[in-house]
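Descriptive analysis of the structure
Single-letter residue listing:
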Amino acid sequence: MSDIEAIALLQDPVRRRLYDHVVAQDHEVGRNEAAEAAGVQRTLAAFHLDKLVEAGLLDTVYRRLSGKSGPGAGRPAKLYRRSAAEHEVSLPPRDYRTAATLLAEAADGLRLDGELEDAARRHGRAAGEAASGRADVAALLAERGYAPVVEDGVIRMRNCPFHALAEHFPPLVCGMNLALLGGLVEGLGVAATVRMDPRPGWCCVTVENSKTNES
């Protein structure tokens, strides 16, 4: 299935609600949970979830929810999670990823980390100032594709918009991301601390409420 066909599946409002719920969670989602979140019956949810899997938008895993094993433990449940595959559509065709990779390779080779971080901080600060008064940190991060999760005053992000580049140039791109979000917080004028906190499956940067950080 082509990228444009896969993305077109999300035009269906039920599929979009199911997809949005699954990718926002920090755990694999079962059919019952997904159906309840989307406000539909389990059989309908299962149909649409499997369509999203066929399109490469979601992945599946099988696990016994009871935690038991062996005879009598029951059949493993089919669970859904965000797919690692990326889908892009550009009309007319554009290839910004190749340009970004070449620029990152040049910056990395010339050791331009500091210059890149300065530019990222300026860009983030300008974006924060432009949004000041109409959005908080989590809302602005959501707008920019980070899929934030807020817990106990700490914002962690399920998605890194620079994931493909970060895999190849981690110090360069993660440093840029840290500076970008630091500038964003500064521009918003909120009391928060942005720091590195790399964890598997999460963005390498977190944002903490200053009161939480002090405690």
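Placed above this text is the structure.
Note that the structure is a prediction, hence the values are computed from the model and not measured. (Residues numbered from 1 in each chain as written. Predicted model: local features only at pLDDT ≥ 70, side-chain atom pairs only at ≥ 80, totals over all residues. Heavy atoms only, no water.)

This next bit is on helix α2 (residues 13–24). For α2, spanning 12 residues, the distance from its first C-alpha to its last is 16 Å, which sits close to the expected 16 Å at 1.5 Å a residue. Buried residues of α2: Val14, Arg15, Leu18, Tyr19, His21, Val22 and Val23, and no others. One side-chain oxygen of the residue at the start of α2 lies 2.9 Å from the amide nitrogen of valine 14, identifying that residue as aspartate 12. (Helix = DSSP H or I, 4+ residues; strand = E, 2+ residues; numbered from the N terminus. Expected span 1.5 Å × (residues − 1). Buried < 20%, exposed > 50% of the residue type's maximum accessible area, 1.4 Å probe, protein only. Polar contact = N/O pair within 3.5 Å; in protein donor to acceptor, adjacent residues only side chain to side chain.)

On to the pattern of salt bridges, then. Here the structure, examined in full by the defined rule, presents 14 salt bridges. Across the pair aspartate 50 and lysine 78 runs a salt bridge whose closest N-O atoms are separated by 3.0 Å. Taken together, the positions of aspartate 50 in helix α4 (residues 42–54) and lysine 78 in strand β3 (residues 77–82) put the pair 28 residues apart, joining distant regions of the chain. Look at lysine 78 and you get partly exposed, because its relative accessible area is 23%. Put simply, glutamate 86 and arginine 97 hold a salt bridge, and the shortest N to O gap is 2.1 Å. Of this pair, glutamate 86 sits in the loop between β3 and α5 (96–109) while arginine 97 sits in helix α5, and the two are 11 residues apart along the sequence. Among the residues examined, arginine 97 registers a relative accessible area of 38% and is labelled partly exposed. A single network of salt bridges, built from pairs that share partners, joins Glu28, Arg63 and Arg81. (Salt bridge = Lys/Arg side-chain N within 4 Å of Asp/Glu carboxyl O.)

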